[in-house]
Structures are given as C-alpha cells and as structure tokens.
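Okay, here's what each chain looks like letter by letter:
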Amino acid sequence: MKLKANIATSENGFIFNPATGDSFTSNAIAAEILGYMKSGGSEEEIKKKILENYDVEPNQFERDWDDYMLQLKEANLLDL
Amino acid sequence: MKQKYERPTIRKMNTGLMNKFGTRTDFDPVETIDGVQVKSLVAEYGSPVFVLSEKQIRRNYQAAVRSFKTRYPKVQFAWSYKTNYLNAVCRVFHQEGSWAEVVSGFEYHKALGNGVAGNQIIFNGPDKKEADLTLAVENHSLIHIDHYDELYLLIDICKRINKTAKVAIRVNFDTGVYPIWDRFGFNYENGQAWAAINKIITAENLELVGLHCHIGTFMLSTAAYSVAATKLCDLAMRCKMELQNPVQYLDLGGGFPSTNTLKGAYLPGVDTVPSVEDFAEAITNTILNFGFAADELPLLILESGRVLIDDAGYLVGSVLANKRLSDGRRATILDFGINILFTSNWYDHKISVAKEAGQYTEETVLFGPLCMNIDVVRESITLPLLERGDQVVVHKVGAYNMTQWMQFINMRPAVVLIDMQGKSHQIRKPETLAYLEMMEEIPEYLK
Ligand SMILES: Cc1ncc(COP(=O)(O)O)c(C=O)c1O
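Cut-off values and rules
- Residues numbered from 1 in each chain as written.
- Chains lettered and ligands numbered in written order.
- Predicted model: local features only at pLDDT ≥ 70, side-chain atom pairs only at ≥ 80, totals over all residues.
- Heavy atoms only, no water.
- UniProt positions renumbered as here; feature names shortened; annotations may be inferred.
- Helix = DSSP H or I, 4+ residues; strand = E, 2+ residues; numbered from the N terminus.
- Near = heavy atom within 4 Å.
- Polar contact = N/O pair within 3.5 Å; in protein donor to acceptor, adjacent residues only side chain to side chain.
- Areas by Shrake-Rupley, 256 points an atom, 1.4 Å probe, with all protein chains shown as cover.
- 1 Å grid on protein atoms, 1.4 Å probe; cavity = no way out; pocket = protein on both sides within 12 Å on 5 of 7 lines; lining within 4 Å.
- Sits in = over half its atoms within 2 Å of the grid points.
- Domains from an automatic or database assignment.
- Contact = heavy atoms within 4.5 Å.
- Buried area = accessible area lost by both parts, 1.4 Å probe.
- Salt bridge = Lys/Arg side-chain N within 4 Å of Asp/Glu carboxyl O.
- Nonpolar A, V, L, I, M, F, W, Y, C, P; charged D, E, K, R; others polar.
- Points joined across faces, edges and corners; volume = space filled by probe spheres on them.
- Core = buried A, V, L, I, M, F, W, Y, C linked by side-chain atoms within 4.5 Å.
- Buried < 20%, exposed > 50% of the residue type's maximum accessible area, 1.4 Å probe, protein only.
- Patch = residues over 30% accessible without salt bridge, like charges linked within 9 Å, V, L, I, M, F, W, Y side chains within 5 Å.
- Phe/Tyr/Trp six-rings, centres within 6.5 Å; stacked < 30°, edge-to-face > 60°.
- Lys NZ or Arg CZ within 6 Å of the ring centre and 35° of its normal.
- Axes fitted to C-alpha atoms, helices over the stretch in contact; angles between N-to-C directions.
- Parallel < 35°, antiparallel > 145°, perpendicular 65-115°, else oblique.
- Left-handed = near helix turned anticlockwise from the far one by under 90°.

Asker: Describe in detail the UniProt feature "domain: Orn/DAP/Arg decarboxylase 2 N-terminal" (unreviewed entry) in chain B, supporting the description with residues and values.
Answerer: Taken from the UniProt record, the annotation "domain: Orn/DAP/Arg decarboxylase 2 N-terminal" (unreviewed entry) applies to residues 62-308 of chain B. Measuring from the first to the last C-alpha atom of residues 62-308 of chain B gives 9 Å, for a span that is 41% helix and 17% strand.

Here is the structure:
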C-alpha cells in the first residue's frame, strides 16, 4: 500500500505521475488519504484517522478502501 | 461533528497525445488473483481455467444497488441468468438480495433450484414453452409478454388452470440509439404497446403489474435510458389515469456497459464508458420528475448482467507456441481461443502476463488453439516476451463467456470461484470425454 515515490500530489487533489505523464483528479477524501500515504502513514493509522473524522461505518469504509486501492493500482500509482 | 463522507475516488485526465498502444500498466504482471497465486490455480485446476472473484461480484452488486438506492426509494435488481448461470454465481447474487431474470425453461428451473421464490423470478424472452408458462403462472412469477401469440397462449393457459397470471409487457421504442431492438416486445410509437396493455386489462385472468424494456446491451448513452424511462412512465401514467390500473413496477432491463474496450474503440473502456452512477442519475431523475405522487412511485427493477460480473472474471491460459508469420509479424498461440472466449469477438480484452517479465516488449498476434482462421484472441497486442508454458491472464471475461462458450475441438475448462476469504473452489469441473459422449447413442448396426 505504498504510493510510488515520484508521484506528485497537490492539496486540491491533482495527481501527476511523472514516469508516465498521466494526471488525475481526486475528490477531497481521496486527496486526504493520498496525503497520509505520502507522509508514510500505515494502512491502520490512515483508516483510523478517516473513521474518526468522517461519518462512515467501518464496514463501508473497508469496502471503499479496497476499491480505492484498486483504483490507485489500476492507475499505476502504487508501489507493488 | 464528523465530516460528511464520500468514498475516495480518482479520475484520469486525458491530456496530451493519446496512446493507442497501451501504457506501462498493461505490462505489469498479474501474479495473483484475489491473493491466490495464478501458478497454483493452474497447478490445481489445469490450463486454461476461468477464475471468478466473489469479492468483486459482491462489490459490483453493492455499488450498483447503492447508486440507485441513494437516488430512488424502491429498487430491485434481478440477476440476468444468461450472463452467467453457474449456480454458485447465481447464489452469490441471490444472497445479496437479487431476484432472478430468466429467458428459457431451463433457466427458470435453475432459478427455482437456486432457491429463488416463484414471485421473485422474472420470465422474459420470446420462447416460453407452454409447460414453463403454466408453471410460472402457478408460481406467481412475473411473466413479461413478448408477442401477441404468447399473450393469447397465456390467456388460454390461465383459463384452463383457472389461475390469474401476473404479467408485464416488454416494450420497444426509439431511444435515439440504432438499430432499435424492435424484434422484442411491443412497439411504443406505433401504438402496439398500448393496444397490448388494453388487451391485458380486459383479459379476465391477467393482472398487469409492470412494464418492461431492455433497449440494448453495452449501451454507451445515458440519454437513451432517460428516453426509455420517459416512455415507460408515460405508459404507466396512462395505465393509472385512463385504465385505473396503476402498475407496480417499471423494469428498465440491463444494458449498462462493463469497462471492457470495444473492438475499434480508440480509447480504453475504462476511460470512456459511463458509470452505473451516471445511468442511475438519468433513470431516477426521469421517473422522479415525471409526476407520480410520492407514495405511488413504481418499484424500479434493473436486470443488469455484464456490468455486475465482467470485471470479476479472469481467464488464465498458457502459451503453446511462438511463431513468425509470413509478413514478419510475431504470433503467439494460446491454449484458449474463441471456443471459450466468445467475447473476443467484441472486445480487445486486456491481457497480462502472469509473472514478472523484462522491460522489453513486442507486438504480437494472439491466436487460439483451434484449426480455424477466425480463432484470433487479439489482432495486435504489445506484451513482454512470452515463452511456451508462460501463463497469461485475460481480464474482464465474467459475462457471457461461461454461457456462450462452445465445445469445439477442445473441451470446456474448469471454473473456479475465489471466496471472500481468498480460498478457491471449483464450481464447474473441466469436461471429460465421458461427459461429452454421455448424450450420444450408437445405432445397433454400427456397434
Ligand atoms: C431481457 C434482458 N434483460 C437483461 C439482459 C442483460 O443485459 P446486460 O448484460 O447488457 O446488462 C439481457 C441481455 O441480453 C436481456 O435480454
């Protein structure tokens, strides 16, 4: 669950992968999670933070987390 | 106060030059499916082998339901059996709360066998046998009438067994997408649908409970669904106002595309097809704004097939040989072809290597194992160098392949389901010679 080292992100959710030239937009929570990932937060820590701050059931978020990781993987942004 | 939640998502922006020949991601190896090693799947179940992810099926289903239920109060999905009617697959959908949508007698019996209540089976299609219809009436199933001959047959059956059938009609119309699928059901524009509705209302033993359409498959236009919903709503409103027979449901059929890439498309499907959310928005907006009283909103039924299962299916196969064609092109022969990958007729399926490969890639044609010229899996694909025995993984093959596959030259392979815990289960055995010959008979004089 590590973001590739060279991925650039901005606070307003813009993502750029200099290796491929691909760019992406993300919603606020996606950008927030990316931020945590970039600063080296573990999966557990990040999930805990989101659950504390957002109105979401743990089960629901668990599913969405998996889905999000899939998106990042499909987008070639993860260090596998 | 906690913040309002929205699920995290990213969207690719298309800038600069488009690249038809794939990005680096296409070459990333797929070594595991839902945590199970591709190598071990082949070792256990043989090659080729279809692999289905239960996790992804449930995820797709729940996401689709959520897209509609967050916009509309009454929603019901009915699993389109023909898309993939392996019992294990159907049961996953039924566990999630899906009804069954069937189009033949044997599909109908399969749904019963899978424990679906009679009144939660939707019976579609132009070919319903008399015995099947009779059973469907007795079980209070929802019978969607396709043509007048069926309408009259049904009236006869109901009279004979002195039972009332719950029916809907299938309606076809111009939605702005051509060709119109007007061979199914009754036409809206020429008044045929309205005439059929009137006939049903006056028939003693038929109860008109719904209206149905299925405007096409792999539909790329959400606007077409707005048009379809408008026309169904119009009929429903007239049923209520003019015939005092409000219908209980509108069934918008299936047709939402998966994220496969259609042959000849310039951009990959992932970047271009509308999402279920987009379709849900178009359909529910139309119905909500049509003018039904809040307590009279019809139940909205969806019969989605491919969008719910395509990306949960993989086909793992092996390289049989490499060749160089007369014109210098590279060719790779695989142990699967159009015999079991029917959808390679429609899609440029994404195909990955199953183990880490070098940086170097090449363009190749992928052929299947049949002795036929048309057995082409991909006309041109760029892949890392493949060698005999290497495995490849074809993506998004869950819809229609495990029902339209043919037993030609080769037998059909095993199908495996990976459960929520990452354990694999064989849900269909590989066919055997004994299985193939089971139905054959040899006349006495040839023995
Ligand atoms: C009546 C009906 N409903 C639903 C479907 C499922 O369609 P799709 O897989 O495009 O969602 C079909 C497929 O042909 C169909 O004929």
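Asker: Describe the site of the ligand, listing the residues and the values that go with them.
Answerer: All names here are of chain B. Neighbouring the ligand are 14 residues, the closest being Thr-217, Gly-255, Glu-303, Gly-305 and Tyr-400. The side chain of Thr-217 places a nitrogen or oxygen atom 2.5 Å from an oxygen atom of the ligand. Within the side chain of Glu-303, one N or O atom sits 2.6 Å away from a nitrogen atom of the ligand. For the ligand, whose free accessible area comes to 400 Å², the fraction covered by protein is 92%. In this structure the site holding the ligand corresponds to the second largest pocket.

Asker: Would you mind going over the domain arrangement of chain B in detail, with residue names and values included?
Answerer: Residues and elements named next belong to chain B. Taken domain by domain, chain B comprises domain 1 (32-52 + 311-433) and domain 2 (85-304). Between domain 1 and domain 2, the contact holds 15 residues from the first and 13 residues from the second. Of the roughly 1,200 Å² buried between domain 1 and domain 2 on both sides combined, carbon and sulfur atoms contribute 57%. Between Glu-379 and Lys-263 there is a salt bridge; the shortest N-O distance is 3.7 Å. Listing elements by their share of the side of domain 1 that touches domain 2, those giving two or more residues are α12 (401-404) and β21 (424-428).

Asker: Explain the interface of chain B and chain A to me, using residue names and the numbers behind them.
Answerer: Facing the 22 residues of chain B at the interface are 32 residues of chain A. Surface buried jointly by chain B and chain A totals about 2,400 Å² across both partners, of which 52% is contributed by carbon and sulfur atoms. If you sort the residues of chain B by the area they bury against chain A, Tyr5(B), Pro8(B) and Ile10(B) come out on top, with a joint share of 30%. For the pair chain B and chain A, the number of links is 6 residue pairs in polar contact (both at pLDDT 80 or more). Contributing elements (two or more residues each) for the side of chain B that touches chain A: β1 (10-13) and α2 (54-69) of chain B. Here the element with the most residues in the side of chain B that touches chain A is α2(B); it accounts for 5 residues. Tallied by class, residues from the side of chain B that touches chain A come to 5 nonpolar, 6 polar and 11 charged.

Asker: Residues and numbers for the layout of surface pockets, please.
Answerer: Residue and element names in this part refer to chain B. The computed volume of the second largest pocket comes to approximately 420 Å³. If you go around the second largest pocket, you meet 23 residues; those closest to its centre are Lys-82, Arg-170, Trp-181, His-214 and Tyr-400. Considering only residue class, the lining of the second largest pocket consists of 7 nonpolar, 11 polar and 5 charged.

Asker: Give a description of the nonpolar core that names residues and reports values.
Answerer: Note that soluble globular proteins tend to have their nonpolar side chains buried in a common cluster. If you look at the biggest cluster of nonpolar residues, it comprises 103 residues, and the most contacted ones within it are Phe68(B), Ile169(B), Leu206(B), Leu252(B) and Ile287(B). Of all the elements, helix α8 (residues 222-243) of chain B adds the most residues to this core, at 11 residues. Taken domain by domain, this core gets at least three of its residues from each of domain 1 (32-52 + 311-433) and domain 2 (85-304) of chain B. Look past the residues within four positions of Ile169(B) in its chain and what remains in contact with it is Ile145(B), Phe186(B), Ala193(B), Ala196(B), Ile197(B), Ile200(B), Leu208(B), Gly210(B), Leu211(B) and His212(B). By size, the runner-up hydrophobic cluster in this structure holds 24 residues, among which are Ala30(A), Tyr36(A), Met37(A) and Leu72(A).

Asker: Quick rundown of unusual backbone geometry? Include the residues and the values.
Answerer: Excluding glycine, a negative phi dihedral is what most residues carry, and trans is how most peptide bonds are arranged. Residues and elements named next belong to chain B. Looking along the chain, the bond that leaves Ser-47 and enters Pro-48 is cis, with omega of -5°. Following the sequence through the fold, Pro-48 ends up in the loop between α1 (38-45) and β4 (49-53). Here the bond from Tyr-178 into Pro-179 is cis, since omega is -5°, no more than 30 degrees from zero. For Pro-179, the position within the fold is in the loop between β9 (165-172) and β10 (186-187). For Asn-162, which is not a glycine, the phi torsion comes out positive at approximately 55°.

Asker: Outline a nonpolar patch on the surface, listing residues and values.
Answerer: On the surface, a cluster of nonpolar side chains totalling about 250 Å² of accessible area is made up of Met406(B), Phe408(B) and Ile409(B). Inspection of the secondary structure puts Ile409(B) in the loop between α12 and β20 (414-418).

Asker: Summarise the packing of aromatic side chains; cite the residues concerned and give the values.
Answerer: With the rule as written, the count across this model stands at 23 aromatic pairs over all chains. With a centroid separation of 6.0 Å and 55° between ring planes, the pair formed by Trp181(B) and Phe184(B) is classed as tilted. Using a relative accessible area of 30% as the deciding quantity, one classes Trp181(B) as partly exposed. Ring geometry for Trp346(B) versus Tyr347(B): centroids 6.0 Å apart, planes at 90°, classification edge-to-face. For Trp346(B), a relative accessible area of 30% gives the class partly exposed. An aromatic cluster of three or more residues is present, and its members are Tyr61(B), Phe68(B), Phe77(B), Trp79(B), Phe93(B), Tyr225(B), Phe256(B) and Phe279(B). The ring of Tyr36(A) carries the charged tip of Lys49(A) above its face, separated from the ring centre by 4.5 Å. Over the ring of Trp194(B) we find Arg238(B), and its NZ or CZ is 4.2 Å from the ring centre.

Asker: A description of the packing of helix α5 (residues 130-138) of chain B against helix α6 (residues 148-161) of chain B should follow, citing residues and the corresponding values.
Answerer: All names here are of chain B. At a minimum axis distance of 10 Å, the contact between α5 and α6 shows a crossing angle of 60°. Here α5 lies oblique to α6, going by the angle between them. As for how α5 packs across α6, the hand of that crossing is right-handed. Where α5 abuts α6, its residues Glu-130, Leu-133, Thr-134, Val-137 and Glu-138 lie against Glu-150, Leu-153, Leu-154, Ile-157, Cys-158, Arg-160 and Ile-161. Taken together, the residues that form the contact of α5 with α6 break down as 7 nonpolar, 1 polar and 4 charged.

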